[in-house]
Each structure stands twice: as structure tokens, then as C-alpha cells.
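Next come the chains, spelled out residue by residue.
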Amino acid sequence: MKMSSNSVRDCRRHYAGELEKIYGSNEANALIMILLEHYFNINRVKIAMNPDLRLSESELLTLHFAVKELLKNKPVQYVIGEAEFCDMKFFVDENVLIPRPETEELVNQLVSWSVSQFGVNPHPSFRPKRSEVEKSPANISILDIGTGSGCIAVSVAKLLKNSAVTAVDISEKALEVAKKNAQANGVDVRFILDDILNPQNSELIENQYDIIVSNPPYVCESEKREMRANVLEHEPATALFVSDNDPLIFYRKILEFAQKALRPNGEVWFEINERFGKEMRALCLEKGLQNVEIINDFRGRDRVVRVQS
Ligand code: GLN
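Residues numbered from 1 in each chain as written. Predicted model: local features only at pLDDT ≥ 70, side-chain atom pairs only at ≥ 80, totals over all residues. Heavy atoms only, no water.

1. Details of the overall build of the protein chain
Consideration 1: Along the protein chain, the regular secondary structure elements total 14 helices and 11 strands.
Consideration 2: Taking the principal axes of the C-alpha coordinates as reference, the protein chain spans close to 70 × 45 × 35 Å.
Consideration 3: Look at the contacts in the protein chain between residues 6 or more apart in sequence, and 62% of them connect residues 24 or more apart.
Consideration 4: Of the roughly 15400 Å² of accessible surface on the protein chain, 46% is carried by carbon and sulfur atoms.
Consideration 5: When the 38 positive and 45 negative side-chain charges of the protein chain are each reduced to one mean point, those points stand 3 Å apart. (Helix = DSSP H or I, 4+ residues; strand = E, 2+ residues; numbered from the N terminus. Contact = heavy atoms within 4.5 Å. Areas by Shrake-Rupley, 256 points an atom, 1.4 Å probe, with all protein chains shown as cover. Lys, Arg positive; Asp, Glu negative; His and termini not counted. Charge placed at Lys NZ, Arg CZ, Asp CG, Glu CD.)

Structure, rendered in C-alpha cells:
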């Protein structure tokens, strides 16, 4: 198919037509708009106000290569190299998971609870209830296990002003991305390279934390057949999958770690596979932790677990 001209309108129609083959019309149009906005700062309003707006040859080339990547099922966040999370921008590449809306919910719940529990100061952009802000500020220490892009660690560090955040990941390449994200969002996070299934780093092991938070790998290998190609072919498998034989392995190890590392009145917060709410509760009870709450996500599915020490 040839483009009739290099007006934004024609380019949009042309490339949306290409993308429709695998994405369907709504998503194809949304993807084109993301590319136009990201690369050229062109949005719907600009197009409506300048119907004859044109792309230069080099702009067309940029669009052409981005669409080519999308046609290979590459998620748009990897194509443009960034994702939004908690109103912040995060660099992402194929070494880290693309942050999900469920994880934003985890962060919001966690921040809200920390403000009421510890009286830490929230960032001005976070609006907790009045009674929550009136408490006096305290310093709290937070550990994020399996930080990936750093989306949890960085947003928590940003939203809770009096927090000291440490983040650990097994992947050196993920930590590089997470460090960039901490810097770009203007927060200090202490990053540690280690495997939580067999932790060796003395700083990680010897520290005490008020909050341990984790969104570990939790998708069962057997769930692969229900997943889309863009996830399967591009997102890092080590960040996603666990064996069907022991799907809660990370939660069990983290709870064991927490028994030594958590301060009194501290809590562990997890994102979980919606299929395992009951099993997670049973696991916490088995570890002697009575105080367990399971919180539903926006789809009404078991998604967040908070456990008191
Ligand atoms: N929620 C992610 C997904 O469904 C999985 C995240 C994870 O394994 N921790 O793709």
C-alpha cells in the first residue's frame, strides 16, 4: 500500500492500516497516536487544528521503523523506550517488565497505609485523607525485592518523602535500568545485586526494614498458552514465570527472609497471581503470620497481599 501524501492524516491512515492486521482497528489507531506524540509531539488536537500538517522524510522514516517493530509484536513501551507509572516516566527495555496498572494499585495502597501507619510525609501529588497527613513525620526503611525497572522502589521513594528505599534484583541489566529511573525521577534508592532465593549480600541481609514489598515472578509456565505474543516474545521470562510445581517459591522465601529482616509493626506487601489468594493466606498462616489481608484489584481479582510481622 502506498501513502497518498506525507500529511499526518495520510500517514496515520496508512500505518493504522498496516497495524490493523495484527492489532485491530482501535488499538492500531491508539498505537499510531502514541508514536506521533512520543516522536513528534503531535496529538489529536494538533491534527484537528492543522489538517495539512506534514511529516518530513526523516520523520516518516522514524515512524516507518517504529511500525515495523510493532508489527513484530514488540510492545509499544519497548519501541519508544518508556512507560508511565504512577504519573512518572520510566525507561524500559527488554531486560525489565513493563510496569502494570495492578502494580500502581499496590503502590497506592502501600503509600496510603505508610502515611497512616508511620506518619511519613507524602509527596504533594499524593492526596491522602487529612487525618493521615496530620501525624508527625518519621523515617521508614523500605525494601523492594525483584525491582526490575525500579517502578515500585522509585515511585515509593518519590511519594514517601521520609523513606530510605533499598531495591534488589538478580539481573544486572535490570538494575542498570532501575538506576537510570531513580536518577531521572530525582530519588535516592540503594540498589543491590542479589538473588533473594539465596541472598548473599551482607548489607541486604543485615539491614532491618519497616516494609518489604515485592512483585516477584508469579505466572505459571502452564499459563503461557493464554498469553499474548507481545508478552511471551519480548518481556523477560525470568521476571514472569515460575514452575507449576512451586508457584509460591518467591513468596515463601521472602516471608522467611522477612521473619528476620522486618521490624516490629512492619509489613510485607506482595502483588500476587489472582489464582493464588487462598494459597497465599495459607502460606502466611503456615509461617505463623496471622494478620493477612488480601486486596482486590480494579478487576475485582485477588491481587495484593499485606502481612503483618
Ligand atoms: N502481572 C504480570 C502479567 O500478568 C505478571 C507480573 C509478575 O509475574 N510479577 O503479565
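2. Describing the pairing of strand S3 (residues 140-145)
Consideration 1: With 6 of 6 residues buried, S3 is to be regarded as a mostly interior element.
Consideration 2: Alternating positions in S3 separate into two faces, Ile140, Ile142 and Asp144 on one and Ser141, Leu143 and Ile145 on the other, with burial throughout.
Consideration 3: Bridge analysis of S3 against strand S4 (residues 163-169) gives 6 bridges, and the strand direction is parallel. Among the inter-strand pairings, isoleucine 140 is bridged to a residue of S4, identified as serine 163. (Buried < 20%, exposed > 50% of the residue type's maximum accessible area, 1.4 Å probe, protein only. Pairing = 2+ DSSP bridges.)

3. Notes on the site of the ligand
Consideration 1: In the region of the ligand, the neighbouring residues are Leu97, Arg100, Glu102, Asn215, Pro216, Pro217, Tyr218, Val219, Ala239, Leu240 and Glu271.
Consideration 2: Within the side chain of arginine 100, a nitrogen or oxygen atom sits 2.7 Å from an oxygen atom of the ligand.
Consideration 3: Take asparagine 215: an N or O atom from its side chain is 2.7 Å from a nitrogen atom of the ligand.
Consideration 4: Judged by the proximity of its atoms to the pocket grid, the ligand belongs to the largest pocket.
Consideration 5: In terms of residue class, the shell around the ligand is made up of 7 nonpolar, 1 polar and 3 charged. (Near = heavy atom within 4 Å. Polar contact = N/O pair within 3.5 Å; in protein donor to acceptor, adjacent residues only side chain to side chain. 1 Å grid on protein atoms, 1.4 Å probe; cavity = no way out; pocket = protein on both sides within 12 Å on 5 of 7 lines; lining within 4 Å. Sits in = over half its atoms within 2 Å of the grid points. Nonpolar A, V, L, I, M, F, W, Y, C, P; charged D, E, K, R; others polar.)

4. What to know about the packing of helix H1 (residues 8-23) against helix H4 (residues 57-71)
Consideration 1: At their nearest, the axes of H1 and H4 sit 10 Å apart, and the two run at 10 degrees to each other. Classified by the angle their axes make, H1 and H4 are roughly parallel. In this structure, H1 contributes Cys11, Tyr15, Glu18, Leu19, Ile22 and Tyr23 to the contact, and H4 contributes Leu60, Leu63, His64, Val67, Leu70 and Leu71.
Consideration 2: In the contact of H1 with H4, the residues fall into 10 nonpolar, 1 polar and 1 charged. (Axes fitted to C-alpha atoms, helices over the stretch in contact; angles between N-to-C directions. Parallel < 35°, antiparallel > 145°, perpendicular 65-115°, else oblique.)

5. Quick look at the pattern of salt bridges
Should their charged atoms come close, side chains of opposite charge can pair.
Consideration 1: A complete count under the given rule lists 18 salt bridges for this structure.
Consideration 2: A salt bridge links arginine 228 to glutamate 27, with the nearest nitrogen and oxygen atoms 3.6 Å apart. Separated by 201 residues along the polypeptide, arginine 228 in the loop between strand S7 (219-220) and helix H11 (229-234) and glutamate 27 in helix H2 (residues 25-40) bring together distant segments of the chain.
Consideration 3: Linking arginine 306 and glutamate 267 is a salt bridge whose minimum nitrogen-to-oxygen distance equals 2.6 Å. Placement of the pair is arginine 306 in strand S11 (residues 302-308) and glutamate 267 in strand S9 (residues 262-271), with a sequence separation of 39 residues. A single burial state applies to arginine 306 and to glutamate 267, both of which are buried.
Consideration 4: Here the residues in one salt-bridge network are Glu69, Lys72, Lys74 and Glu94, joined through shared partners. (Salt bridge = Lys/Arg side-chain N within 4 Å of Asp/Glu carboxyl O.)

6. Topic: the sheet that holds S3
Consideration 1: Read across the sheet, 7 strands follow the order S5-S4-S3-S6-S9-S11-S10 without closing on themselves; strand pairing throughout is mixed. The sheet is open, and its two edges are formed by strand S5 (189-193) and strand S10 (292-296), each paired on a single side. Across this sheet, the average inter-strand angle for adjacent strands is 20 degrees, counted without regard to direction.

7. Topic: the environment of asparagine 245
Consideration 1: As for its position among the elements, asparagine 245 is in the loop between strand S8 (241-242) and helix H13 (249-261).
Consideration 2: Take asparagine 245: its relative accessible area is 75%, and that puts it in the exposed class.
Consideration 3: A C-alpha to C-alpha distance of 9.6 Å links asparagine 245 and glutamate 221, two positions 24 residues apart in sequence.

8. Brief notes about unusual backbone geometry
Consideration 1: The backbone of asparagine 73 sits at a positive phi, close to 70 degrees, despite the residue not being glycine.
Consideration 2: Inspection of the secondary structure assignment puts asparagine 73 in the loop between H4 and helix H5 (76-80).
Consideration 3: Although it is not a glycine, asparagine 265 adopts a positive phi angle of roughly 65 degrees.
Consideration 4: Following the sequence through the fold, asparagine 265 ends up in strand S9.
Consideration 5: A relative accessible area of 55% places asparagine 265 in the exposed class.

9. Brief notes about the nonpolar core
Consideration 1: Counting residues in each nonpolar core, the largest one holds 37 residues, and the members touching the most others are Ile212, Phe257, Val268 and Phe270.
Consideration 2: The element contributing the most residues to this core is H13, with 7 residues.
Consideration 3: Other than its neighbours up to four places away in sequence, valine 268 contacts Ile212, Ile254, Leu255, Ala258, Leu262, Val305, Arg306 and Val307.
Consideration 4: Counting 36 residues, the second largest nonpolar core, distinct from the first, contains Phe118, Ala153, Ala157 and Leu159. (Core = buried A, V, L, I, M, F, W, Y, C linked by side-chain atoms within 4.5 Å.)

10. Here's the deal with the packing of aromatic side chains
Consideration 1: Scanning all chains against the criterion turns up 5 aromatic pairs.
Consideration 2: Judged by centre distance (4.8 Å) and plane angle (85 degrees), the ring pair of tyrosine 251 and phenylalanine 270 falls under edge-to-face. In this pair, tyrosine 251 sits in helix H13 while phenylalanine 270 sits in strand S9, placing the two residues 19 residues apart along the sequence.
Consideration 3: Ring pairs connect the aromatic residues Trp113, Phe118 and Trp269, which therefore count as one cluster.
Consideration 4: Lying over the aromatic face of phenylalanine 91, lysine 180 brings its terminal NZ or CZ to 4.5 Å of the ring centre.
Consideration 5: Just above the ring of phenylalanine 241 sits the side chain of lysine 224; from NZ or CZ to the centre is 4.8 Å. (Phe/Tyr/Trp six-rings, centres within 6.5 Å; stacked < 30°, edge-to-face > 60°. Lys NZ or Arg CZ within 6 Å of the ring centre and 35° of its normal.)

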